[in-house]
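A look at the structure
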Amino acid sequence: YSAKKSLRMEECNNMEDNIKKSILLFLIKNKHTFFILQNTQKGKTKIVVNELKRWAQDNTKKVVTFYIVDNDKTLSDQSVDSITRNFEKINVKIFSLNSNTKVTFDIIKPYIDAYAGDTEGDYSMPIITLLCNNKQCEKMLKLLAHIEKKVSVNNSQLRYAMIWDEADKTYSQLRDKAFTINNTTITCKTFTVDNT
């Protein structure tokens, strides 16, 4: 099954009939998204790592990746270890946002800014891993708003990408959590649906 080829994502997002909209969103191709559905972990990490490598090697954009995992520090540590092992040949900078690290917005922001302006390859693609909870979500939204501002105001090559591990749980948990950043109320949906 598929939607008609001329149907665009924007048309679906503006539909009043929520049932029709929900069905069509499954059938329309979305160039801004990819989805992995497997009943086990086997192979999922490899697919994610291959996508991350593709983003790291793209010379037309400067991708900042957010990797959101279930609110379990052990799982977060396993994800970071797996990413680190798989990126031995491609240099990336991993930041972990959790209650045990001292990593803050003020540490990550200057790195993102330096990465955005880097023409010599001195700064690697940042991958920011975070636990699925309100505190870390607020930090992520603040960084996403910063990236979006750099793009809209300065036409920066920066782009954000989000990987939602166990998305049925993590994305639905944080999607509509509202935070006020720079006097504007935003949610994860702001950056996944409203402004891609």
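The structure under discussion appears in the preceding block.
The rules behind each value
Residues numbered from 1 in each chain as written. Predicted model: local features only at pLDDT ≥ 70, side-chain atom pairs only at ≥ 80, totals over all residues. Heavy atoms only, no water. Phe/Tyr/Trp six-rings, centres within 6.5 Å; stacked < 30°, edge-to-face > 60°. Buried < 20%, exposed > 50% of the residue type's maximum accessible area, 1.4 Å probe, protein only. Lys NZ or Arg CZ within 6 Å of the ring centre and 35° of its normal. Salt bridge = Lys/Arg side-chain N within 4 Å of Asp/Glu carboxyl O. Axes fitted to C-alpha atoms, helices over the stretch in contact; angles between N-to-C directions. Helix = DSSP H or I, 4+ residues; strand = E, 2+ residues; numbered from the N terminus. Parallel < 35°, antiparallel > 145°, perpendicular 65-115°, else oblique. Left-handed = near helix turned anticlockwise from the far one by under 90°. Contact = heavy atoms within 4.5 Å. Nonpolar A, V, L, I, M, F, W, Y, C, P; charged D, E, K, R; others polar. Pairing = 2+ DSSP bridges. Right-handed = clockwise from strand over helix to strand, strands pointing away.

**Some words on the packing of aromatic side chains**
Scanning all chains against the criterion turns up 4 aromatic pairs. Where W164 meets Y171, the ring centres are 5.1 Å apart and the plane angle is 75°; that geometry is what we call edge-to-face. Classification of Y171 by relative accessible area gives buried; the value is 18%. A network of ring pairs unites the aromatic residues F95, Y111 and Y123 as a single cluster. The ring of Y115 carries K62 above its face, with NZ or CZ at 5.1 Å from the centroid. The residue whose ring lies beneath K142 is F105, and the NZ or CZ to ring-centre distance is 4.4 Å.

**Some remarks on the pattern of salt bridges**
All chains considered together, the criterion is met by 6 salt bridges. Between R175 and D176 there is a salt bridge; the shortest N-O distance is 3.3 Å. In this structure R175 comes out as partly exposed when scored by relative accessible area, which is 28%. Beyond isolated ion pairs, a larger network of salt bridges with shared partners links K109, D113 and K150.

**Here we look at the packing of helix α5 (residues 105-117) against helix α6 (residues 134-154)**
In contact at an axis separation of 11 Å, α5 and α6 are set at 25° when each is read in the N-to-C sense. Put simply, α5 runs roughly parallel to α6. When the axes of α5 and α6 are compared, the crossing they make is right-handed. On α6, the residues touching F105, I108, K109, I112 and D113 of α5 are K142, L143, H146, I147 and K150. Grouping the amino acids of the contact of α5 with α6 by side-chain chemistry returns 5 nonpolar, 1 polar and 4 charged.

**Considerations on the pairing of strand β3 (residues 125-131)**
Judged by how many residues are buried, β3 sits mostly within the fold: 7 of 7 residues are covered. Along β3, one buried face is formed by M125, I127, T129 and L131 and the opposite face, lined by P126, I128 and L130, is buried too. With 5 bridges connecting them, strand β1 (residues 62-69) and β3 associate as parallel partners. Its bridge partner lying in β3, I68 is registered against L130. Sheet topology places strand β2 (residues 92-97) next to β3; 6 bridges connect them, and they run parallel. Looking across to β3, one finds that I94 is bridged to I127. After leaving β2, the chain enters α5 and then returns to the sheet as β3, a path that is right-handed.

Function cannot be read off these values alone, since they describe shape.
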